[in-house]
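Coordinates in review
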Amino acid sequence: MLQLALKVLKEINSHGYESYIVGGFVRDYILGIESNDIDIATNATPKEIKEIFDDSCLPTEDYGSVTVVKNGILFEITTFRREINYIDHRRPDKIEYVDSLYEDLLRRDFTINSLCMDENGKIIDLLGGRVDIDNRVIKTIGVATERFEEDCLRILRAVRFATILGFKLDDSVVAGIKKTKHLLRNLSYYRKKSELDRIFSCGNNMEGVRLLLELGLDEELELERLKDIKHIDSSISAWSILNVVDKYPFSSNEQELIKDINQALKLNNLDPMALYKYGLYVNSVAGDIKGLDKKEITSAYACLAIHSKKDLAIECSDITTALNKKPGKYLSEIYDDIIYNILYRKLANNKESIIKYVVDNYKE
């Protein structure tokens, strides 16, 4: 993918422009982290980029970006720009194209995201990002407080980068966050959840939780139960503990999972009925929250006599025939009884045994 991106740079440069891979890809490249997210910055305008690449499109023309597709890979190409007068502490009110890479980099968030790569694969470091990567520290470009006031999402991005990369926050960043954290109240829940999902789902997530608490962001993010998180292995387990479905945007699937996990938290997650009703994943998440051994839960689930209704050795017609009755609501009660007894090994899951049980207990 990198070689393909370098070809894109060469194609732009061959028309007399400058272009560079910028941001996260270069940072991850230095850190030895595989990344497929490549952004390109250039002094060519969107109109000029479209003249170079026939298959380009302008999804966000107002912000000077063009998407180019090469071999099925999407590259976002953005014109060097200056951002003017941020509104709502989130978006610039106006942008102006500039002809300077250095000036374009000055508008970005953190020094570690200011590194560039030219068409020959050479790293360009105009703002000291390489030193900060080597020192494993998150620093803003310019005054931290000003950067966070411009775009308060950067507060959560700082925590996310520190968490995922295992970096520390510079003292100026910590001070800037504490001074501007109230601005998070105005940030959309969608944006907040997107960043928190990435923090909660990474392998270093408890450091992220620690940082959020230490910086006092739990109150601004309306996460009253954040301090109750002692161990999590996924974002869904974190959200199950936080219980903010009424505030944050969740998909219907996420809502259902959170509801089931909270129900399973009240149960013994090694119990056959709990395992049968809520399944392995939900019980594993609930068990993990409670500090249970996942291997025990997995083993208990594997040992269930049945895992779903379709595993039963009989069908509805078998019961109605045995009882000489038409189908009705009574079947639900019988099925529940059969399932319970099979799960607890009081009844064998074979047709003959089940029919005998049904006749003995339900034949009028």
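Report on the accompanying structure.

Reading guide: rules and limits
Residues numbered from 1 in each chain as written. Predicted model: local features only at pLDDT ≥ 70, side-chain atom pairs only at ≥ 80, totals over all residues. Heavy atoms only, no water. Helix = DSSP H or I, 4+ residues; strand = E, 2+ residues; numbered from the N terminus. Rg over C-alpha atoms; globule rule 2.2 N^0.38 Å. Buried < 20%, exposed > 50% of the residue type's maximum accessible area, 1.4 Å probe, protein only. Contact = heavy atoms within 4.5 Å. Areas by Shrake-Rupley, 256 points an atom, 1.4 Å probe, with all protein chains shown as cover. Lys, Arg positive; Asp, Glu negative; His and termini not counted. Charge placed at Lys NZ, Arg CZ, Asp CG, Glu CD. Polar contact = N/O pair within 3.5 Å; in protein donor to acceptor, adjacent residues only side chain to side chain. Phe/Tyr/Trp six-rings, centres within 6.5 Å; stacked < 30°, edge-to-face > 60°. Pairing = 2+ DSSP bridges. Core = buried A, V, L, I, M, F, W, Y, C linked by side-chain atoms within 4.5 Å. Patch = residues over 30% accessible without salt bridge, like charges linked within 9 Å, V, L, I, M, F, W, Y side chains within 5 Å. Salt bridge = Lys/Arg side-chain N within 4 Å of Asp/Glu carboxyl O.

Here's the deal with the overall build of the protein
Looking only at helices and strands, one finds 18 helices and eleven strands in the protein. Compactness check: the protein gives a C-alpha radius of gyration of 28 Å against a globular reference of 21 Å for 364 residues, more than 25% above the reference. Dimensions of the protein, computed from C-alpha atoms along their principal axes, come out at roughly 90 × 50 × 35 Å. In the protein, which comprises 364 residues, the proportion classed as buried is 49%. Partitioning the intrachain contacts of the protein with sequence separation of at least 6 by distance along the chain shows that 60% fall at a separation of at least 24. Accessible surface, the protein as shown: approximately 18,200 Å² in total, 47% of it carbon and sulfur. Between the centroid of the 51 positive side chains of the protein and the centroid of its 60 negative side chains there is a distance of 4 Å.

Some remarks on unusual backbone geometry
A positive phi is found at N243, a non-glycine position, where the angle reads about 55 degrees. Here N243 lies in the loop between α12 (235–242) and α13 (252–264). Owing to a relative accessible area of 45%, N243 belongs among the partly exposed residues under this scheme. The phi dihedral of N324 is positive, around 55 degrees, even though this residue is not glycine. Along the chain, the position of N324 falls in the loop between α16 (316–323) and α17 (330–343).

Comments concerning the side chain of N269
Along the chain, the position of N269 falls in the loop between α13 and α14 (272–289). The buried category is assigned to N269, whose relative accessible area is 0%. Polar contacts involving the side chain of N269 include one to the side chain of K290, which spans 2.8 Å. Setting aside residues up to four positions removed in sequence, N269 forms contacts with A264, L275, N283, A286, G287, K290, L292 and I297.

A short note on the packing of aromatic side chains
Taken as a whole, this structure holds six aromatic pairs when the rule is applied. With a centroid separation of 5.9 Å and 80 degrees between ring planes, the pair formed by F110 and F161 is classed as edge-to-face. Pair noted here: F110 is in the loop between α4 (101–105) and β8 (116–117) and F161 is in helix α7 (residues 153–165), with a separation of 51 residues, a long-range link. This pair shows no difference in class: F110 is buried, exactly as F161 is.

Structural notes on the pairing of strand β5 (residues 73–79)
Sheet topology note: the strand β2 (residues 39–42)/β5 ladder contains four bridges and is parallel. Residue pairing for β5: I40 is matched across the bridge by I77. Here strand β4 (residues 65–70) runs beside β5; their pairing, made up of six bridges, is antiparallel. The residue of β5 that forms the bridge with V68 is F75. Counting the residues between successive antiparallel strands, the hairpin from β4 to β5 contains two residues, one of them, N71, with a positive phi of roughly 55 degrees.

Focus on the pairing of β2
Two strands pair when backbone bridges link them, and strand β1 (residues 19–22) and β2 are joined in this way by four bridges, in the antiparallel orientation. Looking across to β2, one finds that I21 is bridged to I40.

Regarding the environment of L275
Topologically, L275 is positioned in helix α14. Taking the relative accessible area as the measure of exposure, L275 reaches 0% and is therefore buried. Each C-alpha atom, one on L275 and one on A300, is 8.0 Å from the other, the two residues being 25 residues apart in sequence. Residues within four places of L275 in sequence aside, it is in contact with N269, L270, N283, I297, A300, Y301 and L304.

Some thoughts on the nonpolar core
I21, L169, F200, L217 and W239 are the most contacted members of the largest nonpolar core, which totals 74 residues. The element that contributes the greatest number of residues to this core is α7, accounting for eight residues. Beyond its immediate chain neighbours, meaning those up to four positions away, L217 contacts I155, L156, V159, I177, K181, L184 and L212. Among the nonpolar cores identified, the runner-up in size contains 24 residues, and I297, I314, I319 and Y357 belong to it.

Remarks on the side chain of D28
Its location among the elements puts D28 in helix α2 (residues 24–31). Filtering out sequence-adjacent residues up to four positions away, D28 remains in contact with I33, S35 and L165.

Comments concerning a nonpolar patch on the surface
Taken together, the side chains of Y102, L106 and L126 make up a nonpolar region of the molecular surface, amounting to roughly 260 Å² of accessible area. Note that L106 resides in the loop between α4 and β8.

Comments concerning the environment of L127
Residue position: L127 is located in the loop between β9 (123–124) and α5 (129–134). Distance from L127 to L105, taken between C-alpha atoms, is 8.1 Å for residues 22 residues apart in sequence. If we skip the residues at most four places from it in the chain, L127 touches Y102, L105, L106, T111, S114 and I141.

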